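Coordinate analysis (summary)
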Amino acid sequence: MKDAQGEAEKLREQLRHHEYLYYVLDKPEISDADYDALMHRLQALESQYPALITPDSPTQRVGGKPREGFVKVRHSSPMLSLDNALNEGELRDFDRRVHDLLGSSDYCYVAELKMDGLSMAAHYLEGQFARAVTRGDGSVGEEVTENARTIRSLPLRVKGRLREFEVRGETVMNRTAFERLNAERDERGLSRFANPRNAAAGSLRVLEPQITASRRLDYYTYFLLTEGRPAFDTHSQALRELSQMGFKVNPHHKICRDIAEVLRFCSEWEAHREDLPYEIDGVVVKVDSVAQQQRLGYTAKAPRWAIAYKYPARQAVTTVESIEVQVGRTGALTPVARLRPVEVSGVTVSRATLHNEDEIERLGLQIGDDVVIERSGDVIPKVVRVHALGSYRKEFQMPDKCPVCGGHVVREEGEAASRCINTNCSARLKESILHFASRGVMNIDGVGDALVDQLVDRGMVSSVAGLYELTVEKLLNLERMGKKSAGNIIRNIENSKKNPLPRVLNALGIRFVGERTAVFLAEAFGSMEAIASAGLEELQQAEEVGPKVAQSIFQFFREPRNQELVDRLRAAGLQFQYQSTRPKGGPLKGLTFVLTGTLAHLSRDDAKKLIETAGGKVSSAVSKKTNYLVAGADPGSKLDKARELGVQVVSEDELLDLIKVG
Ligand code: IVH
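Notes on the structure in this doc start here. Predicted, not measured: the structure shown is a model, and the values here were computed from it.

**Observations regarding unusual backbone geometry**
Despite not being glycine, Glu 126 has its phi angle at roughly 50 degrees, a positive value. On the secondary structure map, Glu 126 appears in the loop between strand 4 (118–125) and strand 5 (128–134). Positive phi, close to 50 degrees, is recorded for Arg 480, a residue that is not glycine. Assignment of secondary structure puts Arg 480 in the loop between helix 14 (472–475) and helix 15 (483–495).

Shown next, in the form of C-alpha cells:
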C-alpha cells in the first residue's frame, strides 16, 4: 500500500505535467499512447486501493455523478457584460470617454481576443479546484462543477502561493472538436449544433459529466479575483500570474499605449481570425490599471473601463449556380451548393453545405436563387436563407445513382440522408480511410486527403487494412513522396497498432459506434472476438447500447467483407483485447444501480465509487436494465419510473447490506 501510494503520487505528478504541456501549452512531449498508458496504470492502482484516490487526481476528471438538475448559485460579484463598439468611430468615442473621465492621457489598454464561448467562474480552495458556475444572468448562475472538472485545460490544482481565489474566463469549443461533434451527430441522426458557442454551452450544461468530457471543451481565463476583487494592480499582471499558476491564458493579447495601437490589433486579428483554432467575434479592450478601472466605475450593466469591439457578422449574399452531391464514409449523399464566388470576411467562398434534401426543402431553395450565406465555425459555410428567388429557377433532385460509383441510392424510412449502398464505392472507401487515420481515432499523422486519393485511385489500398500492408518502397512510387516522409508515414502506421481496443472499434466506422460507445463495448466484452460474436440481446447489456445500436453492430460483424477486414486487422497486430480498469468481480457484479435523492451517510460520489468497487455499475436513468434504485430523502421522478417498471427500490442501509452479504 505504501509503495502504491508513492507510485500513485508520482504518476499524478507526471500526468499533471503532461496535461499542462498538452492542453494548456499545446506542446505535448509524449505520445497519446504513452499518456494513456500512464493514466491506465494510475486507474488500475486506484481501483485496487480506492483509499488512494484524491479529488484532484487526474483520474477524477470524469466520474462525477450525473445530476437531476442544476443548483443556482449567486456570484461573488456580478459577472457583467460589455458595451459594444461596432466600428472605429465608436471605439474612438469610448477612448474619449475614458480620457475625459480620467482627466489625462496617462493610461494604457490591454487588447484581448473576444472568444466566442460561454463565460464561467471557477473557484479554488486550498489551491484546489472546488466549484464552477456559469454566468447565467450575471448575478446568479448554475453550478456545473462536475462538468467543468472534465475540461483538461482547467487545472484541478494550481502552482504558486495564491490558495483561495476565483478565476473567470471563457469556455470554448475549438473548430476541430466542433466539426467532429457535428459529424458524429449527423452519423447518429441527431440535429447539428449551429455554431461552436452553442455547442460549448450545450456541452457544459448537460446533466452527465461524461458527455461534457467527450466534447473536449477548452477554458481560457481572463480574470483573477480574491474576495470578489481583482487580485493585482494591473490586468496585465493578473494575466501573467494566471499563466504561471497553470491556467490557460490566451497568448494573443497586447498592452497598447493608445487607441491607435488598439485599432491596429483589432484589424490585424480581423484579417487573421480564420487562422485561429477557435472562433472569435471581436476584441475586448480593457484599461490596464485596476486603480483607474475603479475610478471609471460601472454603468448599470457594464464597466466603463472596458468595451467589446465587435467584428461584423460574416454573412454575404450570392447566387446558387448548381448543386453537387458528395459521398461520405457511410455512403451518405450530401448536397453542396456551388456559389458565385463571394468574399466573406477576407475569404472567398464558393461552396456551402446543404446537409440533406429536407434542409433544401426547409429553405425553399432552388438552383438560381440568391441566398444569404454565413461562416460560423464550420469550415464549409452554410446557407442561412433564400434572399431572392432566381429569375431562372430549377428544382434540385437527389440522384438515384451514386455520382461516384453509379451504385444504388436508397433513403430509408425515418432517415434524413440518402445513401449509396455499394460498400465498394471509392468515395466511401476514401472517407473510411480518412476516418480511420484521423486524430482521436487511430491518430496516423500524414494520412490525409492527398495521400488517400492516390492510394485508392491507384488501387494500392482497397480497405483500411491495406494501410498496414504498405511499405516505404510502395509509397515511393507516389507523386511528390520523398524517402523521409514515406518513412515517417510508415512509422506512424506502425505506431498506430498500439492503440487500445476502443480506438480500433471506433476506427471501424460502425454506424452509431463513436468514441464513447466503443469504450462501453470494450468494457462490457473485453475483446473484439466477444463483440463480434455477441447476439443482439447480449450486445444490449453494454451501457448505452439500445436496440438500434445493437442491430447496427450485429449487422456489421455478419457482413463477410467486414469479417475479412477484421481478420486482416488482427493479422496486422492491432489490439483486440482490452484490459478493463474497472474491477471485474465483487458482490455486485453484473448489477446496475441508479441513485436518487439525498443519502444519509454517503455522498453520491462515494456511493457510486462503493458500488463500482464492489463490481456494480451506476447509470443515470432508470430503465428496464436497472436492477436497483437506491433512494434517499426527497427522491425525484426516478422513483415513480422505478415503480412503473417494477425495479426494486432499496435504501442506503440495504445497499450496504447487499455489498456485505453478497
Ligand atoms: S471580459 C466585465 N474578456 O464576452 C468584463 N470577456 O460581451 C466582462 N468574452 O460575458 C468580460 N472573451 O463571455 C472578457 N477576453 C475576454 C473575453 C470576454 C470573450 C465574452 C464573455 C463576456 C462577453 C461580454
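**A word on the sheet that holds strand 7 (residues 165–173)**
Note on sheets: strands pair through backbone hydrogen bonds, and any given pair is parallel or antiparallel. Taking strand neighbours across the sheet as the criterion, the 5 strands line up as 5-4-7-8-9 in an open arrangement whose pairing is antiparallel. The strands lining the two open edges of the sheet, one partner per strand, are strand 5 and strand 9 (229–230). Relative to strand 8 (residues 217–226), strand 7 runs antiparallel, the two sharing 8 bridges. Residue pairing across strands places Gly 169 opposite Thr 221, the latter belonging to strand 8. Along the sheet, helix 8 (residues 235–245) contacts strand 7 and strand 8; its crossing angle with strand 8, the most-contacted strand, is approximately 125 degrees.

**Some details on the pattern of salt bridges**
Per the counting criterion, the structure on display carries 42 salt bridges. Between Arg 168 and Glu 166 there is a salt bridge whose closest N-O contact spans 2.8 Å. As far as the burial class goes, Arg 168 and Glu 166 line up, both buried. Each member of the salt-bridge network shares a partner with another, and the members are Arg 175, Glu 274, Glu 279, Arg 314 and Arg 375.

Criteria and thresholds
Residues numbered from 1 in each chain as written. Predicted model: local features only at pLDDT ≥ 70, side-chain atom pairs only at ≥ 80, totals over all residues. Heavy atoms only, no water. Helix = DSSP H or I, 4+ residues; strand = E, 2+ residues; numbered from the N terminus. Pairing = 2+ DSSP bridges. Contact = heavy atoms within 4.5 Å. Axes fitted to C-alpha atoms, helices over the stretch in contact; angles between N-to-C directions. Salt bridge = Lys/Arg side-chain N within 4 Å of Asp/Glu carboxyl O. Buried < 20%, exposed > 50% of the residue type's maximum accessible area, 1.4 Å probe, protein only.

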